[in-house]
Amino acid sequence: MQEHVQSQRELALPTISRECRPWTRWWWMGSAVDEAEITRHLQLFHEVGIGGVEISPVYGVMGAEDCFIPFLTPRWLQLLRHTIREARRLDMGVDLITGTGWPLGGPWVGTDDAATKMVIESYALTDGSPLSEPIICNAAPQAALNALMAYSEDGQILDVSQHTDAQNRLTWAAQAGQWQVYALFQMPIGQQVKRAAPGAEGNVVDHFSADAIARYLGHFDQALATLAGDERLRCVFNDSYEVYEANWTNTLVPQFQQQRGYDVRHYLPALYGNDEPDIVSRVRSDYRLTVADLLLEAFVQPWTEWAHRNGALSRNQAHGSPGNLLDLYAAADIPETETFGPDWISIAGLASMPGTPPEQGGRADVLVGKLASSAAHVAGKQLCSSESFTWLDEHGKVPLAHMKAEVDVLFVMGINHVFFHGTPFSPAAAEWPGWLFYASTHVGPTNPWWQDLQALNGYISRCQSFLQAGEPDNDILLYLPIFDLWSSEQGAEHLLHFLTVHSEHWLDENLSGFAATARQLWDRGYSFDFVSDRLLAHTIQVAEQQLHSHGGSYKALAIAGCRLISPETLERILDLVRAGATVLVVGELPQDVPGLGNLPEQRERLRAARSTLEPRSEIQPGIIESRLGKGRLLVGQDIEVMLQMAGIQRESVVDTGVELIRRRDEMGYLYFLANMGQERVDQWVDLPVQAEAVALFDPVDQRRGLAHTRASNDGATEVYLQLDPGASILLRTSFRAVEGEQWSYLSPAGEPHVIEGNWRVEFIAGGPTLPGPTLVDHLTSWTEWDVGSEALRAFSGTARYTITFTTPPSKTAAWALDLGAVCHSARIKLNGQNLGTLYTRPWRIVLPQGLLEGANHLELEVTNLMANRLADLDRNGQPWRRFFFVNIEYQEFDASSWEPLPSGLLGPVRLIPLRQPGSFS
């Protein structure tokens, strides 16, 4: 074989490490754990293919108080060390949340270190008249006075903070004219750690104070010092920022003065909202930038450095934070996003289970998820994780099919390290359903589909081995115009903006032009990552007319919906152009600078930077070009026209309903493709990359082979693709020729053969009781059968369906077994051979050659969901909820009125004859 020809083995799936496997958040409820149960849990996790755990201590279970172990006590740390040792034995990893519950806080956070808010109140004075009322915060009389400033109608500003008496009355007399006095009060927000574990209740820490964070982390130093050698944690974790109303810290005034160049106390009316709109906008922008800097530089960066000193990595959820999320995500070793609510599966073409309340659980937005993956890609982080399946549906109503659908959406967003949300610690002695967490998809051994979870985990592991290999290969950097957000008033009720994962179209409402361009790029199949001012300044360089980040390279930088930009950022962008970069501006160049500090000088710098783009020429109708150094900058209304001029091609396969993500390594390109449409794809599709060969890998059944390919007219590659709705495929291209087995393309070759007759049904696992065996000649939900109807309506578990059938008299290349409708997973055995587990559409498997005989024996072990048994518990008034537990609407949980969910094998079960296409036209 010639050197340029590779074997197909070289194009095989990468090695599956523990990071490739899904991990799970492991709630230690009351930390009521012991060595034997820890080992039992970890063994169960290992057996179903879970790669690691994140320990998250939370509130306990009523009646188990004697077993509670206070957080970070010697006994607690002893159990942590045991967990790490046992996990290592099983080739698993252990992460630990930096506290308990969320957000960061605890009993060691005193009032001085607690999260703080400011309140501003104003008073009117006229012609020297005294102020009759005391200077006390009406909303919170206990709040401390931080600043007291007087402003005259002719522009005088006086600090009168020292002019109050013991009764908090103003002793300063206003001079002639109208004066406004503004008082800035500060006070702890009073927020306590949510869902705290025993021994860890207390104040939420001030995330804007470096000193408070240092003292908070210092409490962990002695504890983590007990971990040595093989007992090290992999990561410390920070959950989503949910510090409500915090908007101040003791050092904000001097920090503001140092960073923005003026005293914010001189502009309290603007901060309050009582000034010229432009001044209000500018002061609030500077204030928001200062808070963002503090959050990054006082919390996330020092916390990550502290983790490294303790031999661990950092994993951070930035969403919800009042800062530039791209910078906050990028500052951690593993950025983490979050999915929340049922709507994520709608992106993948599925609907929620019957009975799910409408408009519950948040809204899904791919762009929000891409903030985390963009930060990972640009900053060169190998992993980007996700807290997954939070409130994916009501308790007990989440099938594996819905989890797979959400995972596929996560993958195309750029997530490659999935965390289940999650798994509560529950002792073996606890009666079913065991201990449950309130806001989760229950990924635990008491869920009936636990025995089938290994199939989903195998799928996730194989996909993530691809998605963690190589480097990202997106074509476009899209600048996030953060100052247009920070200068807006929409959503600024509490002065700060909070971008959460729970809001649909948040970006559209606050950054409409930017969001419209981002959605157009996504919908049209252009690959992109977001980039911030800070990341542009510190991570982007130009080589050979490509923009290179710490994680990958890009063909162009795009700017859209940007009115305000700092001179430093525009100068940096123009330096990139001079070095050979291509920059595309949608609409027009930014017109002004943000903020108030040094405003005339900043505007002049911006004007000077813009002037370097002259002369400009219209190179085609509506497209203006500026040549600068080795590169160019295009301005126009149509982003796609400019992308074509920059030589950037889209992934046109998205027109078929397929979503994708692309990576690259030294051998070629790696694709994950998922059909999220409702139609089967069976056609040639374009890939805008050059390839000598393409290998396909099915991450569900592990089939592999070399695809049919041909060169397209523009020198790219066309691949023949067959992909059913809901199906996905891994695709690897090669820069060199490859020899190996060809991919087996199969299409229906005639009418399907329905397997009919008497099905014997035996209930083999589950409860509350095992219904007796029965025969059925027509497949329907077992909840609809007359025999043992009440027991069947209440049953959650597994039933074995068996039938004997004769192979149809048909000559065909292959057969597929199609189960029709399944509620909700099925393990298949045919003629004594295990064929695997089906848990999602298409409910079909290609049978091995030669397996069918004259007479065939088919066994299907079908498992339903938890919901029917939970409803039975509540209908019978059984007191099983001995822990905090609510429904998806955050109301008291009560399943007694639930109708039974369809369960079992609904069929029809069919044999489908298959043929190999004679040609690919």
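All values reported here derive from a predicted model rather than from experimental measurement.

Draft legend 1. Just helix α3 (residues 210-224), in detail. Here α3 spans 20 Å end to end across 15 residues, near enough to the 21 Å set by a 1.5 Å rise per residue. Its axis deflected by about 25° at Gly-218, α3 carries its strongest bend there. Here α3 has its buried residues at Ala-212, Ile-213, Tyr-216, Leu-217, Phe-220, Ala-223 and Leu-224. Close packing links the buried residues of α3 with α2 (74-89), β5 (105-106) and α6 (277-309).

Draft legend 2. Summary view of empty space enclosed by the protein. One pass over the full model with this rule turns up ten cavities of 30 Å³ or more. Size it by volume and the largest cavity reaches roughly 180 Å³. Lining the largest cavity are 15 residues, and of these Trp-522, Tyr-526, Ser-527, Leu-660 and Ile-661 lie nearest its centre. Put simply, the parts of the chain that give the lining of the largest cavity at least two residues each are α14 (512-524) and β27 (658-664). For the lining of the largest cavity, the element with the highest residue contribution is β27, accounting for four residues. Here the lining of the largest cavity is built from residues that sort into eight nonpolar, three polar and four charged.

Draft legend 3. Representation of helix α16 (residues 567-578). Under the 1.5 Å per step criterion, the end-to-end length of α16 is 16 Å for twelve residues, consistent within 8% with the ideal 16 Å. Those residues of α16 lying buried are Pro-567, Thr-569, Leu-570, Arg-572, Ile-573, Leu-574, Leu-576 and Val-577. Directly after α16, the chain includes Gly-580, whose backbone phi takes a positive value near 125°.

Draft legend 4. Layout of the sheet that holds strand β19 (residues 541-543). If you walk across this open sheet you meet the three strands as β19-β20-β21, and the pairing is antiparallel. Each edge of the open sheet is held by one strand with a lone partner, namely β19 and β21 (553-554). With three bridges connecting them, β19 and strand β20 (residues 546-548) associate as antiparallel partners. Each bridged residue has a counterpart across the sheet, and for Val-542 the counterpart in β20 is Leu-547.

Draft legend 5. Region of the structure containing the nonpolar core. Residues Trp-76, Tyr-287, Met-403 and Phe-672 are the most contacted members of the largest nonpolar core, which totals 226 residues. Looking at this core element by element, the count peaks at 14 residues for α6. The contacts of Met-403, once residues within four sequence positions are left out, are Phe-389, Leu-392, Val-398, Phe-420, Thr-441, Val-443, Trp-449 and Leu-456. Of all hydrophobic cores here, the second largest spans 34 residues; its members include Ile-803, Val-822, Leu-835 and Leu-905.

Definitions and limits used
Residues numbered from 1 in each chain as written. Predicted model: local features only at pLDDT ≥ 70, side-chain atom pairs only at ≥ 80, totals over all residues. Heavy atoms only, no water. Helix = DSSP H or I, 4+ residues; strand = E, 2+ residues; numbered from the N terminus. Expected span 1.5 Å × (residues − 1). Bend = angle between axes of the 7 residues up to and from the residue. Buried < 20%, exposed > 50% of the residue type's maximum accessible area, 1.4 Å probe, protein only. Contact = heavy atoms within 4.5 Å. 1 Å grid on protein atoms, 1.4 Å probe; cavity = no way out; pocket = protein on both sides within 12 Å on 5 of 7 lines; lining within 4 Å. Points joined across faces, edges and corners; volume = space filled by probe spheres on them. Nonpolar A, V, L, I, M, F, W, Y, C, P; charged D, E, K, R; others polar. Pairing = 2+ DSSP bridges. Core = buried A, V, L, I, M, F, W, Y, C linked by side-chain atoms within 4.5 Å.

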